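Single-letter residue listing:
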Amino acid sequence: MFEFFPTARLRPSPYFKSVMAEGCTSASIYNRMILPASFGNTEKEYWDLINGVVMWDVAVERQVQLEGPDAGKLAQILSPRDLSKCKIGQGKYVPMCNHDGVLINDPIMLKLREDLYWFSIADSDIWFWARAIAAERGLNVKITEPDVSPLAVQGPKSAAVVSSIFGDWVHDLKYFWFSETELNGIPVAVQRSGWSKQGGFEIYLRDGTRGDELWNIVKEAGQPYGIGNGGPTSPERTESGLVSCGSDTDENTNPFEVRLGGYVDLDVADQVVGIQALRRIHAEGPKRHQLGLVLEGDSPDALAFSWEDILMNGKKVGDMTNCVWSPRLKKNIGYALISRSCTIGDIVTLRRADGRHVQASLVDIPFL
Ligand code: THG
């Protein structure tokens, strides 16, 4: 038995006690928190997501709150996606780049008021970044972490579960839109979102002392639908083509290379961090692109936990950035971050971590 001690440096999730009581068996570290990954049956967890409904502790999706007269101005400076038409109650998927146009995070931004925004971040320290940029630009905005912890409910039956808790209005939520409400006096925001393509919601708990209470409400409401445990599911997100910033990307990756060019508006104001570099990269044409890999063989192969070389005619042409067994395709699949000289239909060779050479074909993403 191995034990983590939650400390100020390893922030405990408000759902931690419930998660442990449910029998969490594996986890990873994300935003200096514990991200529950599995409860001992990854196959069931996958199929529950595909056919039913699952609940995930995703409190690791921490919020960077911008508050004050210049909050909207800073939000736009931090992201090359045009936010001028974003409404209160709307969320948007917004890439965040550094001054070189390198992707440093891919948050979901929530606009709560004209002067209040949350960036629901992926795994990198954006508070420092946002504070530094606000200070250097002399902006009147306060940057804090609010007491907010998302709980994801994902899968085709998620709408039935979430509407049974909150009411039929949740059916009308458009993608990434959210509503602030209460549940037995527990303050929450309910958003249509989540890191899967199976449909779903995230309940943003706004009182960290009531995590177990919220957990039990969702658990109870999910019983008629056979709600299962789990965590963000690598095979499903890979099949569905979702990006995992920090695993599919390295310190040189720009949004165009990982299919996020559609979230970059090149005509945003010049003061937006990275926009000059992004315009240049766009004009020159990115060097790499992200394609799918289908590996030879019909049984589960080694997962890839770090990047593995992709070879063509004996020369390195790119990296395989992840590799999973797809239960629906019955193939090992992964993402290639690869030279634009390689294209769909090409056969490449992977140098696996254990030294084996494995053939794979390049395909379009999403796989499904
Ligand atoms: N939930 C919350 N915050 C988050 C994540 C989350 N912050 C970080 C990380 N996950 C963000 N990553 C993604 C990536 C993709 C999507 C959601 C979160 C996603 N993409 C859709 C797609 O690519 O098809 C739709 C995007 C669109 O068109 O706007 O859903 O999981 N709270």
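This write-up is about the structure you can find in this document. (Residues numbered from 1 in each chain as written. Predicted model: local features only at pLDDT ≥ 70, side-chain atom pairs only at ≥ 80, totals over all residues. Heavy atoms only, no water.)

Quick word on the overall build of the chain
Working step 1: The helix and strand tally for the chain stands at 8 helices and 21 strands.
Working step 2: With the principal axes as the frame, the chain shows a C-alpha extent of 65 × 50 × 40 Å.
Working step 3: Split into buried and exposed, the 368 residues of the chain put 56% on the buried side.
Working step 4: Pairs at least 24 residues apart make up 65% of the contacts formed inside the chain by residues separated by at least 6 positions.
Working step 5: Surface accessibility of the chain: about 15,900 Å² in total, with carbon and sulfur atoms responsible for 51%.
Working step 6: On the chain, the mean spot of the 38 positive side-chain charges and the mean spot of the 47 negative ones are 3 Å from each other. (Helix = DSSP H or I, 4+ residues; strand = E, 2+ residues; numbered from the N terminus. Buried < 20%, exposed > 50% of the residue type's maximum accessible area, 1.4 Å probe, protein only. Contact = heavy atoms within 4.5 Å. Areas by Shrake-Rupley, 256 points an atom, 1.4 Å probe, with all protein chains shown as cover. Lys, Arg positive; Asp, Glu negative; His and termini not counted. Charge placed at Lys NZ, Arg CZ, Asp CG, Glu CD.)

Remarks on the sheet that holds strand 5 (residues 91–93)
Working step 1: Taken together, 5 strands build an open sheet; the order of strands is 5-8-9-4-10 and the sheet is antiparallel. Where the open sheet ends on each side, the last strands, each with one partner, are strand 5 and strand 10 (142–144). On average, adjacent strands in this sheet sit at an angle of 20 degrees to one another, irrespective of strand direction.
Working step 2: When strand 8 (residues 108–113) meets strand 9 (residues 116–120), the two strands line up antiparallel, connected through 5 bridges. Each bridged residue has a counterpart across the sheet, and for Lys111 the counterpart in strand 9 is Tyr117.
Working step 3: Where helix 3 (residues 71–78) meets the sheet, it contacts strand 4 (63–67), strand 8, strand 9 and strand 10, and its direction lies at approximately 30 degrees from that of strand 9.
Working step 4: Against the sheet, helix 4 (residues 126–136) contacts strand 4 and strand 10, and its axis sits at roughly 170 degrees relative to strand 10. (Pairing = 2+ DSSP bridges. Axes fitted to C-alpha atoms, helices over the stretch in contact; angles between N-to-C directions.)

Digging into empty space enclosed by the protein
Working step 1: Tallied over the entire structure, the rule returns 1 cavity of 30 Å³ or more.
Working step 2: Reported here for the largest cavity is a volume of approximately 40 Å³.
Working step 3: Every residue along the wall of the largest cavity is listed here: Arg11, Pro12, Ser13, Phe16, Ile34, Pro36 and Asp57.
Working step 4: Along the lines of polarity and charge, the residues of the lining of the largest cavity split into 4 nonpolar, 1 polar and 2 charged. (1 Å grid on protein atoms, 1.4 Å probe; cavity = no way out; pocket = protein on both sides within 12 Å on 5 of 7 lines; lining within 4 Å. Points joined across faces, edges and corners; volume = space filled by probe spheres on them. Nonpolar A, V, L, I, M, F, W, Y, C, P; charged D, E, K, R; others polar.)

Thoughts on the sheet that holds strand 15 (residues 228–229)
Through backbone hydrogen bonds, the strands of a sheet pair up, either in parallel or in antiparallel fashion.
Working step 1: In spatial order, the strands read 12-13-14-11-3-15; together these 6 strands make up an open sheet with mixed pairing. The sheet is open, and its two edges are formed by strand 12 (178–183) and strand 15, each paired on a single side.
Working step 2: When strand 3 (residues 54–57) meets strand 15, the two strands line up parallel, connected through 2 bridges. Residue Val54 lies in a different strand from strand 15, and its bridge partner there is Gly228.

A word on the pattern of salt bridges
Working step 1: Summed over all chains, the structure comprises 24 salt bridges.
Working step 2: As a salt-bridge pair, Asp250 and Arg288 come within 3.6 Å of each other at their nearest N and O atoms. In this pair, Asp250 sits in the loop between helix 7 (234–240) and helix 8 (275–284) while Arg288 sits in strand 16 (residues 288–295), placing the two residues 38 residues apart along the sequence.
Working step 3: Of the residues examined, Arg288 reaches a relative accessible area of 18% and is grouped as buried.
Working step 4: Between Asp309 and Lys316 there is a salt bridge; the shortest N-O distance is 3.0 Å.
Working step 5: Residues participating in the shared-partner salt-bridge network are Asp301, Glu308, Arg352, Asp354 and Arg356. (Salt bridge = Lys/Arg side-chain N within 4 Å of Asp/Glu carboxyl O.)

Section: the site of the ligand
Working step 1: With respect to spatial proximity, 16 residues lie near the ligand, and among them Glu61, Ser120, Lys197, Glu202 and Tyr204 are the closest.
Working step 2: Between the ligand and Glu202 there is a distance of 2.7 Å, counted from a nitrogen atom to a side-chain nitrogen or oxygen.
Working step 3: Summarising the interface, the protein chains cover 85% of the accessible area of the ligand, which totals 660 Å² for the free molecule. (Near = heavy atom within 4 Å. Polar contact = N/O pair within 3.5 Å; in protein donor to acceptor, adjacent residues only side chain to side chain.)

Points about the nonpolar core
Working step 1: Counting 33 residues, the largest nonpolar core has Tyr15, Phe166, Val190, Leu214 and Val218 as its most contacted members.
Working step 2: Counting residues per element, the ones that place at least two in this core are strand 2 (33–38), strand 11 (149–154), helix 5 (158–166), strand 13 (186–192), strand 14 (200–205) and helix 6 (211–222).
Working step 3: For this core, the leading source of residues is helix 5, giving 5 residues.
Working step 4: Discounting chain neighbours no more than four positions away, the residues touching Val190 are Val162, Phe166, Trp169, Val170, Leu173, Trp177, Phe178, Ser179, Thr181, Phe201 and Glu202.
Working step 5: By size, the runner-up hydrophobic cluster in this structure holds 25 residues, among which are Leu116, Cys245, Val268 and Val272. (Core = buried A, V, L, I, M, F, W, Y, C linked by side-chain atoms within 4.5 Å.)

Regarding a nonpolar patch on the surface
Working step 1: The grouping of Phe2, Phe4 and Ile29 at the surface amounts to a nonpolar patch, some 330 Å² of accessible area in total.
Working step 2: Here Ile29 lies in strand 1 (residues 26–30). (Patch = residues over 30% accessible without salt bridge, like charges linked within 9 Å, V, L, I, M, F, W, Y side chains within 5 Å.)

Looking at the state of the cysteines
Working step 1: Applying the stated criterion across every chain yields a total of 0 disulfides.
Working step 2: No disulfide involves Cys97; its sulfur sits 8.9 Å from that of Cys245, the nearest cysteine.
Working step 3: Judged by its relative accessible area of 12%, Cys245 is buried. (Disulfide = S-S within 2.5 Å.)

What about the side chain of Arg62?
Working step 1: Looking at where Arg62 falls in the secondary structure, it is placed in the loop between strand 3 and strand 4.
Working step 2: Exposure remark for Arg62: the relative accessible area of 6% places this residue in the buried category.
Working step 3: Here the side chain of Arg62 touches Glu145 through a polar contact of 2.7 Å, side chain to side chain.
Working step 4: Ignoring anything within four residues of it in the chain, the contact list for Arg62 reads Arg11, Asn31, Arg32, Met33, Phe119, Ser120, Ile121, Trp127 and Glu145.

Fair warning: the whole summary comes from geometry, so function is off the table for now.
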